[in-house]
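Below, each chain spelled out in residue letters.
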Amino acid sequence: MEVGFLGLGIMGKAMSMNLLKNGFKVTVWNRTLSKCDEVVVHGASVGETPAEVVKKCNITIAILSDPAAALSVVFDKDGVLDQICSGKGYIDMSTVDPETSWKISEAIALKGGHFLEAPVSGSKQPAETGQLVILAAGDKALYEEAVPAFDVLGKKSFFLGPVGNGAKMKLVVNMIMGSVMNAFSEGLTLAERSGLNPHSLLDVLDLGGIANPMFRGKGPEMVKDNYSPAFPLKHQQKDMRLALALGDQNAVSMPVAAAANEAFKKARSMGLGDLDFSAVYETVKLLKHSS
Ligand SMILES: NC(=O)C1=CN([C@@H]2O[C@H](COP(=O)(O)OP(=O)(O)OC[C@H]3O[C@@H](n4cnc5c(N)ncnc54)[C@H](OP(=O)(O)O)[C@@H]3O)[C@@H](O)[C@H]2O)C=CC1
Ligand SMILES: O=CCCC(=O)O
């Protein structure tokens, strides 16, 4: 199977490499073209524009930073819309809001193409090992066609119905994750400031009812102030912002998520946006210090 792949950031690089390792022919494009070099060494071809990739491949996958990037790659000159047509499918795996997905879906349908949104749960390591959770919605036939690729990229794929449902599910999941990360950061800070060993807290948490892979994986690194990015904080804040907008639209009061969003914004203002989202811990430590 031949697939196009647009966007070779943390996720796109790992996912395209995984497809190559599993025998897929892959043609890649990235805005910063030099980032294609490493996947080319592993057998990928390069398209000079998104349009060129879509022209070559019947299915093109994208995973880009945010709504503005997702729209730009489709609608700008030499974008996806230039070449999408009947018989071709476009799968956007970026985390965006439903409105962005609807815009893309409508434009692709007008050209006779097929569209699926398929944001993912899971981060850099699950992307490297094919353990993502795929939250697809949109064109069911394209979903069926993409299952062999999804089986390589993920441990489980969900088909959630009409376009928008994948985006909504992803935003709800990340809203919970961002709120939990803030509570975790406060707990770690409180443990340390009140004289407890934070490693003991991690051991106790891991044996109880709120044990989870995020505490287990990120906790020891946070205690060492290591925020090497798996999921960049700027993207987590974007997801909180988009989830809060979804809350507005549905009149859902979300004071916990709103407070978490403020902490991520604070972290961005401190220049921590490109670090892992666990760096929000630094904002809690800072606030507790200054009181
Ligand atoms: N990292 C993670 O753990 C996870 C991330 N996600 C989501 O996946 C998406 C990608 O995340 P991640 O790989 O971490 O992000 P990165 O920041 O590592 O990569 C972002 C990608 O988007 C491209 N891009 C940004 N702006 C534009 C633009 N205007 N036009 C074209 N391309 C653009 C970048 O190109 P360039 O190289 O030129 O900057 C790069 O390829 C995001 O929506 C994120 O929320 C979902 C699950 C997990
Ligand atoms: O969107 C990013 C999700 C990161 C994760 O699930 O660890």
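What you see is a predicted model; the values in this text were computed from it and never measured. (Residues numbered from 1 in each chain as written. Chains lettered and ligands numbered in written order. Predicted model: local features only at pLDDT ≥ 70, side-chain atom pairs only at ≥ 80, totals over all residues. Heavy atoms only, no water.)

### Re the site of ligand 2
Heads up, the rule is: Any residue with a heavy atom lying within 4 Å of a molecule or strand is counted as near it. We define a polar contact as two N or O atoms separated by no more than 3.5 Å, with the added condition that, inside protein, one atom must be a possible hydrogen donor and the other a possible acceptor, whereas residues neighbouring each other in sequence contribute only through side-chain atom pairs. Per-residue and other accessible areas follow the Shrake-Rupley method at a 1.4 Å probe size, with only the shown protein chains counted as cover for residues. Throughout this entry, Asp, Glu, Lys and Arg are counted as charged residues, while Ala, Val, Leu, Ile, Met, Phe, Trp, Tyr, Cys and Pro are counted as nonpolar. The remaining residues, Gly among them, count as polar.
Neighbouring ligand 2 are the residues Gly-122, Ser-123, Lys-170, Asn-174, Met-177 and Phe-231. A distance of 3.1 Å separates an oxygen atom of ligand 2 from a polar backbone atom of Gly-122. One of the side-chain nitrogen or oxygen atoms of Asn-174 is found 2.8 Å away from an oxygen atom of ligand 2. In isolation ligand 2 has 240 Å² of accessible area, and contact with the protein removes 83% of it. Across the shell around ligand 2, the residue classes tally to 2 nonpolar, 3 polar and 1 charged.

### Observations concerning the domain arrangement of the protein
Rules: Domain start and stop points were drawn from an automatic or database domain assignment. The contact definition used throughout considers only heavy atoms, calling two residues in contact when any of these lie within 4.5 Å. When two components associate, each loses some accessible surface as probed by a 1.4 Å sphere; the sum of these losses over both components is called the buried area. Salt bridge, as used here, is a side-chain nitrogen of Lys or Arg placed within 4 Å of a carboxyl oxygen of Asp or Glu. Counting from the N terminus, the helices are the DSSP runs of H or I reaching at least four residues and the strands are the DSSP runs of E reaching at least two.
Domains assigned within the protein are domain 1 (2-161) and domain 2 (168-290). In this structure, domain 1 and domain 2 have C-alpha centres spaced 28 Å apart. With 16 residues of domain 1 at the interface, the matching set in domain 2 holds 15 residues. At the boundary of domain 1 with domain 2, total buried surface from both sides reaches about 1,200 Å², with 69% on carbon and sulfur atoms. Considering only the surface of domain 1 that becomes buried against domain 2, Ile-10, Thr-95 and Pro-98 emerge as the three largest contributors, covering 33% of it. The interface formed by domain 1 and domain 2 includes 0 salt bridges. The interface formed by domain 1 and domain 2 holds 4 residue pairs in polar contact (both at pLDDT 80 or more) in total. The set of elements that each furnish at least two residues to the side of domain 1 that touches domain 2 consists of helix 5 (98-110) and strand 7 (120-121).

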